[in-house]
Amino acid sequence: MTTTTRPTRPTRLGVAALALVAPLSLALSAIGAAEASAHPAASSPSDRQAPDVLPLPAGFQPEGITVGRGDTAYLGSRADGDVVALDLRTGALRTVAQGPGTASVGLKIDQRGRLFVAGGPAGEVRVIDARSGDLLARYALTAGTAPTFINDVVLTREAAWVTDSRNAVLYRIPFGPRGALPAAAEPLPLTGAWVQTPEVNNANGLTTTPDGEALLVVNSSNGTLYRVDPASGAATPVDLGGYVLTNGDGLLREGRTLFVVQNRVNTLAVLHLDRTGTRGSLRTTVTSPAFDVFTTVARSGDRLYLPNARFTTPAEPTTTYDVTSVRVPRRTWPGQRTVNAV
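Heads up: these notes are all about the structure in this document. (Residues numbered from 1 in each chain as written. Predicted model: local features only at pLDDT ≥ 70, side-chain atom pairs only at ≥ 80, totals over all residues. Heavy atoms only, no water.)

Examining the pattern of salt bridges
Line of reasoning, step 1. All chains considered together, the criterion is met by 12 salt bridges.
Line of reasoning, step 2. Arginine 89 is the salt-bridge partner of aspartate 71, the closest N and O atoms lying 3.6 Å from each other. With aspartate 71 in the loop between strand 3 (62-67) and strand 4 (72-77) and arginine 89 in the loop between strand 5 (83-87) and strand 6 (93-97), this pair connects stretches of sequence that are 18 residues apart.
Line of reasoning, step 3. When the shortest N-O distance is used, the salt bridge between aspartate 211 and arginine 275 registers 3.8 Å. With a gap of 64 residues between them, aspartate 211 in the loop between strand 16 (203-208) and strand 17 (215-219) and arginine 275 in the loop between strand 22 (267-273) and strand 23 (280-287) connect regions that are remote in the sequence.
Line of reasoning, step 4. A relative accessible area of 47% means that arginine 275 is categorised as partly exposed. (Salt bridge = Lys/Arg side-chain N within 4 Å of Asp/Glu carboxyl O. Helix = DSSP H or I, 4+ residues; strand = E, 2+ residues; numbered from the N terminus. Buried < 20%, exposed > 50% of the residue type's maximum accessible area, 1.4 Å probe, protein only.)

And the structure:
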């Protein structure tokens, strides 16, 4: 049973409420355009009684998930880097690409059907054709920096942005005309109020602010959400009214609603942001007995999909893994279009 808990005291931030819709890309900013990986929700498997739990192969060790067109989600394996496609309606699986023997962590798909896959401790991003499984590009980001953990990805029409959880830096993979892939990625050091804790994961999930002018990055080590200037790397804590995002992991933003995974406490926090992403407030939390250290969240129609990474369970070839599905909390807010413009 899924439990949704709302704070007892309402906050002062916006109260206008429209139904959430799946993100549709529109350009609204001088420095870029809207999210490149969003898809409409018309084909939601939830309309056809989708299963609540979708099994994955034994020993798979999932972490990232992204939803493409139709009923298809894509997941990567921490065990060997395999990328699989999962039919959210039937649970059928197919292998998209064999892994390189190193982890596939966060991943996102764009409208061209390209999967951008974070490589964790390998310090790289791979770009894979979701239809053929062909490797389109490989970016070695860390130039031998150790340790490193390339963790999460967010896509815009202008670039792919990536976090490195072990180093105070983001990476930008800028797109050329018609989305052409570049020869190399560009580092952006995190400065300002950013706090880097040694020997643990720091920068984790990332997305963009509602106005598309900046990035939002959650720091797993201190539970702080930061607003990052995409030009300078200057980071400023987002005022969440005292709420701490303990074990903050994957992020999903739709309009001014931000879903934040808190992995080891098995909680999905739902925040409401102001337009610039400088302030926010907790509106509800979602828990479920089916959550087993889930790491990120994706949406299809009125359902959220959360892969259980099971970090507290020994990872053996026979260990079972799955994706849990829950309904989007009913009392969330505005279905404003999602703008990922940086």
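Description of the packing of aromatic side chains
Line of reasoning, step 1. Per the counting criterion, the structure on display carries 3 aromatic pairs.
Line of reasoning, step 2. Ring centres of tryptophan 194 and tyrosine 226 lie 4.6 Å apart, and the angle between their planes is 50 degrees; this geometry places the pair in the tilted category. Highlighted residues: tryptophan 194 in the loop between strand 15 (191-192) and strand 16 and tyrosine 226 in strand 18 (residues 224-228), separated in sequence by 32 residues. With respect to class, tryptophan 194 is no different from tyrosine 226; both count as buried.
Line of reasoning, step 3. Note on phenylalanine 291 and phenylalanine 294: the rings are 4.4 Å apart at their centroids and 50 degrees apart in plane angle, and the pair reads as tilted. Neither residue differs from the other here; phenylalanine 291 and phenylalanine 294 are each classed as buried.
Line of reasoning, step 4. The positively charged end of arginine 114 is found above the aromatic ring belonging to phenylalanine 175, 5.5 Å away from the centroid. (Phe/Tyr/Trp six-rings, centres within 6.5 Å; stacked < 30°, edge-to-face > 60°. Lys NZ or Arg CZ within 6 Å of the ring centre and 35° of its normal.)

A short note on the sheet that holds strand 13 (residues 169-174)
Line of reasoning, step 1. Ordered in space as 11-12-13-14, the 4 strands form an open sheet in which the pairing is antiparallel. Either end of the sheet is taken by a strand with one partner, and the two such strands are strand 11 (150-155) and strand 14 (186-189). Each strand axis lies, on average, 25 degrees off the axis of its neighbour in the sheet, ignoring direction.
Line of reasoning, step 2. In the sheet, strand 13 pairs with strand 14 via 4 bridges, with the strands oriented antiparallel. For arginine 172, the partnering residue across the bridge sits in strand 14 and is glutamate 186. (Pairing = 2+ DSSP bridges. Axes fitted to C-alpha atoms, helices over the stretch in contact; angles between N-to-C directions.)

Some thoughts on the nonpolar core
Note that soluble globular proteins tend to have their nonpolar side chains buried in a common cluster.
Line of reasoning, step 1. Counting 19 residues, the largest nonpolar core has Phe116, Leu141 and Ile150 as its most contacted members.
Line of reasoning, step 2. Mapped onto this core, the elements with two or more residues apiece are strand 8 (114-118), strand 9 (124-129), strand 10 (135-140), strand 11, strand 12 (159-164) and strand 13.
Line of reasoning, step 3. The contact partners of phenylalanine 116, leaving out residues within four places of it in the chain, are Gly106, Leu107, Lys108, Asp110, Arg126, Val127, Val153, Leu155, Ala160, Phe175 and Leu181. (Core = buried A, V, L, I, M, F, W, Y, C linked by side-chain atoms within 4.5 Å. Contact = heavy atoms within 4.5 Å.)

Describing the pairing of strand 21 (residues 257-262)
Line of reasoning, step 1. Most of strand 21 sits inside the fold, with 6 of its 6 residues counted as buried.
Line of reasoning, step 2. Residues of strand 21 alternate between two faces, with Thr257, Phe259 and Val261 on one and Leu258, Val260 and Gln262 on the opposite face, all of them buried.
Line of reasoning, step 3. One ladder, built from 5 bridges, connects strand 20 (residues 248-254) with strand 21; its direction is antiparallel. Paired with glutamate 254 across the two strands is threonine 257, which belongs to strand 21.
Line of reasoning, step 4. Linking two consecutive strands that pair antiparallel, namely strand 20 and strand 21, is a turn of 2 residues; a positive phi of about 60 degrees is found at glycine 255 within it.

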